[in-house]
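The lines below spell out each chain.
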Amino acid sequence: MEHVATSVDGMELVYERPSTLTDTPMHYCPGCAHGVVHRVLMEVIQEMGIQDRTVGVAPVGCSVFAYNYMNIDMQEAAHGRASAVATGIKRILPDRFVFSYQGDGDLAAIGTGETIHTANRGENILVVFINNAIYGMTGGQMAPTTLLGMVTSTTPYGRESAVMGFPLKITDLVAQLPGAYYVTRQSVHTPTAARKLKKAIRNSLEYQKQNRGTCFIEVVSNCPSGWKMTPRESNEWMEKNMFPFYPPGDLKIPRG
Amino acid sequence: MIAEGAVQAGCRFFAGYPITPATGIFKGMVDMLPAQGGLALSAPDEISAIAYAIGASLRGIKSMTATSGPGWALMTESVQYALMTETPLVITLVQRLGPSTGGATQGAQGDVLFAEYCTSGGYTIPVLCPVNATECYTLTILAFTWAELYRTPVILLTDKEIAMTAERIDDDVLPNMTAQERLTSKSGSAVGTYDFDFPQEIPAFRPVGGLEKVTVTGSAHDKQGRLQKNTPETLEVLKHLEEKIRWRENDFCVVETDLQKGAESLVVSYGVTSRAAAEAVARARADGTKVSFLGIKSLFPVPRRAVARALKGIRTVFVAEENYTGLYRSVLLPLLGGTEVRGINKVGSMITPQEILAALSEPA
């Protein structure tokens, strides 16, 4: 990537908004992971110089306005259908970089079928999966990924496995499928974590260039509003409670 | 109030999926049902939610689900199944702006025909449309009564403005409505799942998991519930599905009629818009204009008699509804022969009394 240091008021500019992000204030709640993931994803697209060849598909949910921030062609698909719409786009435009960007309710509940079959066909796309264990947009209901004992508006006494089943590790399921080429779980709660995510996104898009199959990145995220915590508390809570169940790290990496 | 009405009506099973503006009902049922010995279950999508509710109802438990337009689109498969299998079920459809994902936080009255005509064959599904919080309570109970009496899915068609607006109600003046119990067949009787002699009869319900064998299928079937192609008995069952409603259509009439002697204009409306319409009519009268008002709460089956009564002496009918295309106007049109019909339509925000008044005073 070409990075030109610019001088502003006599000081050197060392950090700036990538051209792939628009100059639009984000609507996300303070401390939400979405903004960081958006930025990291767009940084990679800028660095690879593929802004004009990248197509994204976001669903409904908190990322419904992603097209306002990502300065690339973006579609908003119906709830759960992002990877299916991405499939159609990629099949017709195989030389473009195609990704879907989905939350846990979208990807692991209403879109489970699409998710599994997209990876099972080895669709040559990147799936970015934001897992914050809750339905943020509709006001904090239990999601498929909600942890046991976790209080949400529809589990006022905490999620009980006897009634509401267990949190779904859909990333582990996807990793079992032969069509899935690269499956990893990341986070963005520290600068180090964000850099690791960036590396994972870069790898995925390089693999996509080589037609390797589905790349799947889960980003374990916070939801300060839905969890009813401050941003700092939510990140601490995430490390303490989410990470033991959804441990960051690679689940499937290419051989050799 | 919809959740309160459902609990009062004896609903003990609810399944839902988060969707604005219907999530409040889901949340209400999660909070209330366990104390009643009931169960409110989170589903992974609306396809499952309605299917859970149908499964519970097949056992004889009064069941409900609630959604909005995008979720309704997914539910229509099983709404047809409930109709075909004559499974009592109440579905609350809280309308928001469409098509597609539309506007989650914007009200609309755009699902009127999408709700009613969601079946292949266009079978009549009773649709109730409340105008305020009190009616959310009373019409929910009535929806359960109809579902149980006539073994049919019933749609409670409301909208974002009605479902998400906080209104003050006096508990003491709520009508005391009794819950309709399911009419089950006598134990040991030899009849099948759908036993009737005349097409308009309602077959007694036989729960799954009981003493008698029960066969249920969404495919075309005979009176035993066995898949058949086009045998005379199967065709009779298909006819019966419509006849049982059509034959009683006058029993489904719920309207608010406010006719003025000598009026030549009639304002027809429903749901939240009928509140503006009633206000507009009151203001017009205060200004000396003679005008009648018909608020329809039972949208389907269409209350033909009430419409015919309201039409006496009327030269112009105004149909006010929050959609571009005049959905219910198109339904009423064949009944309004000889009168001039004008639509008062708008989307994006509620129709105001002033807008209805302006339409009333427009020259022909």
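Look up: the structure comes first, before these words.
Quick notes on the rules
- Residues numbered from 1 in each chain as written.
- Chains lettered and ligands numbered in written order.
- Predicted model: local features only at pLDDT ≥ 70, side-chain atom pairs only at ≥ 80, totals over all residues.
- Helix = DSSP H or I, 4+ residues; strand = E, 2+ residues; numbered from the N terminus.
- Rg over C-alpha atoms; globule rule 2.2 N^0.38 Å.
- Buried ≥ 20, exposed ≤ 12 C-beta atoms within 10 Å, placed from the backbone.
- Axes fitted to C-alpha atoms, helices over the stretch in contact; angles between N-to-C directions.
- Parallel < 35°, antiparallel > 145°, perpendicular 65-115°, else oblique.
- Left-handed = near helix turned anticlockwise from the far one by under 90°.
- Contact = placed C-beta atoms within 7 Å.
- Nonpolar A, V, L, I, M, F, W, Y, C, P; charged D, E, K, R; others polar.
- Pairing = 2+ DSSP bridges.
- Core = buried A, V, L, I, M, F, W, Y, C linked by C-beta atoms within 7 Å.
- Domains from an automatic or database assignment.
- Expected span 1.5 Å × (residues − 1).
- Bend = angle between axes of the 7 residues up to and from the residue.

## Here we look at the overall build of chain A
Next, step 1: Broken down by element type, chain A carries 10 helices and 11 strands.
Next, step 2: Taken against the 2.2 N^0.38 rule, which gives 18 Å for 256 residues, the C-alpha radius of gyration of chain A at 18 Å falls within 12% of a compact globule.
Next, step 3: Each of the three principal axes of chain A carries a C-alpha extent, and together these read 55 × 45 × 35 Å.
Next, step 4: Expressed as a percentage of its 256 residues, the buried residues of chain A come to 48%.

## A few points about the packing of helix α1 (residues 34-48) of chain A against helix α8 (residues 191-209) of chain A
Residues and elements named next belong to chain A.
Next, step 1: Across the interface, α1 lies against α8 with an axial gap of 9 Å and an inter-helix angle of 45°. By the angle class used here, α1 and α8 are oblique. Crossing of α1 against α8: the hand is right-handed. Contact residues: Val36, Val40, Leu41, Glu43, Val44 and Met48 in α1; Ala194, Leu197, Lys198, Ile201, Arg202 and Leu205 in α8.
Next, step 2: Here the contact of α1 with α8 is composed, by residue class, of nine nonpolar, no polar and three charged.

## Topic: the environment of Leu357(B)
Residue and element names in this part refer to chain B.
Next, step 1: Tracing the backbone shows Leu357 in helix α12 (residues 353-361).
Next, step 2: A tally of 19 C-beta atoms within 10 Å means that Leu357 is categorised as partly exposed.
Next, step 3: Considered as a pair, Leu357 and Gly210 are 147 residues apart in the sequence and their alpha carbons are 58 Å apart.

## Description of the interface of chain A and chain B
Next, step 1: Listed by partner, the interface residues are 17 residues for chain A and 14 residues for chain B.
Next, step 2: Breaking the side of chain A that touches chain B down by element, the ones donating at least two residues are α4 (104-110) and β8 (141-142) of chain A.
Next, step 3: Tallied by class, the residues present in the side of chain A that touches chain B amount to nine nonpolar, eight polar and no charged.

## What about the sheet that holds strand β10 (residues 298-300) of chain B?
All names here are of chain B.
Next, step 1: Pairing in this open sheet of seven strands is mixed, and the strands run β2-β1-β3-β4-β6-β5-β10 from one edge to the other. Each edge of the open sheet carries a strand with a single partner, namely β2 (39-42) and β10.
Next, step 2: When strand β1 (residues 13-16) meets strand β3 (residues 63-67), the two strands line up parallel, connected through four bridges. Directly across from Phe14, in β3, lies its bridge partner Met64.

## Examining the nonpolar core
Nonpolar side chains in soluble globular proteins tend to be buried together.
Next, step 1: By size, the foremost hydrophobic cluster in this structure holds 100 residues, and its most contacted members are Ala53(B), Ala143(B), Leu157(B) and Val267(B).
Next, step 2: Tallying contributions element by element places helix α6 (residues 133-150) of chain B first for this core, with nine residues.
Next, step 3: Summarising the domain contributions, this core has at least three residues from each of domain 1 (2-173) and domain 2 (253-361) of chain B.
Next, step 4: Sequence-distant contacts of Ala53(B), that is, excluding residues within four places in its chain, are made with Phe13(B), Ala15(B), Ser63(B), Met64(B), Thr65(B) and Leu89(B).
Next, step 5: One finds Ala66(A), Phe99(A), Ile110(A) and Tyr246(A) within the second-largest nonpolar core, a separate group that totals 65 residues.

## Let's talk about the sheet that holds strand β4 (residues 73-76) of chain A
All names here are of chain A.
Next, step 1: The seven strands are arranged β4-β3-β5-β6-β10-β9-β11 in an open sheet whose pairing can be described as mixed. Looking along the sheet, the strands with just one partner apiece sit at the ends: β4 and β11 (249-252). Along the sheet, successive strands turn relative to each other by an average axial angle of 20°, direction set aside.
Next, step 2: The strands that α1 touches are β3 (54-58), β6 (126-131) and β10 (214-220); relative to β6, the one it contacts most, it runs at about 160°.

## A closer look at helix α10 (residues 231-245) of chain A
Residue and element names in this part refer to chain A.
Next, step 1: Over its 15 residues, α10 extends 20 Å from the first C-alpha to the last, a length consistent with the 21 Å expected when each residue adds 1.5 Å.
Next, step 2: Residue Met238 marks the point of greatest curvature in α10, where the axis turns by about 35°.
Next, step 3: All of the buried residues in α10 are Ser234, Asn235, Met238 and Met242.
Next, step 4: Residues of α10 that are buried in the fold lie against β10 and α9 (224-227).

## Considerations on the environment of Asn131(A)
Next, step 1: As for its placement among the helices and strands, Asn131(A) is situated in strand β6.
Next, step 2: Residues within four places of Asn131(A) in sequence aside, it is in contact with Asp104(A), Thr145(A), Glu218(A), Val219(A), Val220(A), Ser221(A) and Tyr246(A).

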